[in-house]
Amino acid sequence: VQLQASGGGLVQAGDSLRLSCVASGGTLNRYDVGWFRQAPGKEREFVATVQRTGSRSYYTNSVRGRFTISRDNAKNTIFLQMNLLKPEDTAVYYCTAGKMTVQIMAINSKYWDYWGQGTLVTVSS
């Protein structure tokens, strides 16, 4: 499965962005999907995940209530709607796909199988 992320850009604090990630070479509805991010000089960190059917999602505490992950299996696409952006949200955002035995595994990048190339989000204060 190949993943192609897009939608990043330069915005001001308080603005919104929607990231997209299109999958090819496989059927996305077979996989759990998620987003990670990596800020300059920091480790890659988990942001959000949604199960294969889209029925359950999970977020890291710092984005809960501001970000929404969703998926359109018919279009093989994952989304991350980001509202009320903060300068600390500045990072390269990566989409990912894999099969989690339990949802808590999703917070660890080593359990994910496929990664997009990343899209840069910069939030100015």
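Given the structure is predicted, the values throughout are model-derived calculations rather than measurements.

Draft legend 1. How the structure looks around the overall build of the protein. When helices and strands are counted, the protein shows 0 helices and 11 strands. Taken from the N to the C terminus, the helices and strands of the protein come in the order β-β-β-β-β-β-β-β-β-β-β. The dimensions of the protein, computed from C-alpha atoms along their principal axes, are 40 × 25 × 25 Å. Every one of the 125 residues in the protein was classed for burial, and the buried ones make up 44%. A fraction of 58% describes how many contacts in the protein between residues 6 or more apart in sequence connect residues 24 or more apart. Of note, the protein has its 14 positive side-chain charges centred 6 Å away from the centre of its 8 negative side-chain charges.

Draft legend 2. Geometry of the pattern of salt bridges. Within this structure, the stated rule accounts for 4 salt bridges. In this structure, arginine 37 and glutamate 45 form a salt bridge, with 2.6 Å as the shortest nitrogen-oxygen distance. Judged by its relative accessible area of 34%, glutamate 45 is partly exposed. Aspartate 89 is paired through a salt bridge with arginine 37; the nearest N and O atoms lie 2.9 Å apart. Here the residue aspartate 89 occupies a position in the loop between β8 (77–82) and β9 (91–98), and arginine 37 occupies one in strand β4 (residues 32–38), the gap between them amounting to 52 residues. Note on aspartate 89: relative accessible area 1%, which makes it buried.

Draft legend 3. Inspection of the pairing of strand β7 (residues 67–72) at higher detail. Across the two faces of β7 the burial differs, with Phe67, Ile69 and Arg71 buried and Thr68, Ser70 and Asp72 not buried at all. In this structure, β7 lies alongside β8, joined through 6 bridges in antiparallel fashion. Across the sheet, arginine 71 pairs through a bridge with isoleucine 78, a residue of β8. A loop of 4 residues connects β7 with β8, the two strands running antiparallel in sequence, and asparagine 76 in this loop sits at a positive phi of about 55 degrees.

Draft legend 4. Broad picture of the sheet that holds strand β1 (residues 2–6). The strand order β1-β3-β8-β7 describes an open sheet built from 4 strands, whose pairing is antiparallel. The strands lining the two open edges of the sheet, one partner per strand, are β1 and β7. Neighbour-to-neighbour, the strand axes of the sheet open up by a mean angle of 15 degrees, direction not taken into account. Pairing between β1 and strand β3 (residues 17–24): 5 bridges, direction antiparallel. Bridge pairing in β3 links alanine 5 to cysteine 21.

Draft legend 5. Highlighting the side chain of threonine 96. Residue position: threonine 96 is located in strand β9. Residue threonine 96 is classed as buried on the basis of its relative accessible area, which comes to 0%. Among the polar contacts listed, one links the side chain of threonine 96 to the backbone oxygen of tyrosine 114, at a separation of 2.8 Å. Those residues in contact with threonine 96 that sit more than four places away from it in its chain are Leu3, Asp32, Val33, Gly34, Trp35, Phe36, Ile78, Trp112, Tyr114 and Trp115.

Rules behind the numbers
Per chain, the residues get numbers from 1 upward, laid out in the order the sequence is written. With the structure being a predicted model, the display of local features is reserved for residues of pLDDT at least 70 and the display and counting of side-chain atom pairs for 80 or more, all residues being used for whole-chain, interface and lining totals. Values shown for side chains rest on all heavy atoms present in the structure; no hydrogens or waters enter the calculation. Labels follow the DSSP assignment, with helices taken as runs of H or I lasting at least four residues and strands as runs of E lasting at least two, numbered in each case from the N terminus. The buried label applies to any residue whose accessible area, calculated with a 1.4 Å probe on protein chains only, is under 20% of its type's maximum; exposed applies above 50%, and partly exposed to all values in between. In this analysis, two residues are considered to be in contact whenever any of their non-hydrogen atoms come within 4.5 Å of each other. The positive count covers Lys and Arg only, the negative count covers Asp and Glu only, and His and the chain ends enter neither. Where a charge lies is defined by one atom per residue type, namely NZ (Lys), CZ (Arg), CG (Asp) and CD (Glu). By definition, a salt bridge exists where a carboxyl oxygen of Asp or Glu is found within 4 Å of a side-chain nitrogen of Lys or Arg. Any two strands with at least two DSSP bridges between them are considered paired. Angles here are taken between N-to-C directions and fall from 0 to 180 degrees, while the axes themselves are lines fitted to C-alpha atoms, restricted in helices to the stretch in contact. Polar contact is the term for a pair of N or O atoms within 3.5 Å; when the atoms are in protein, one must be able to donate a hydrogen and the other to accept it, and sequence-neighboring residues count only if both atoms are side-chain atoms.

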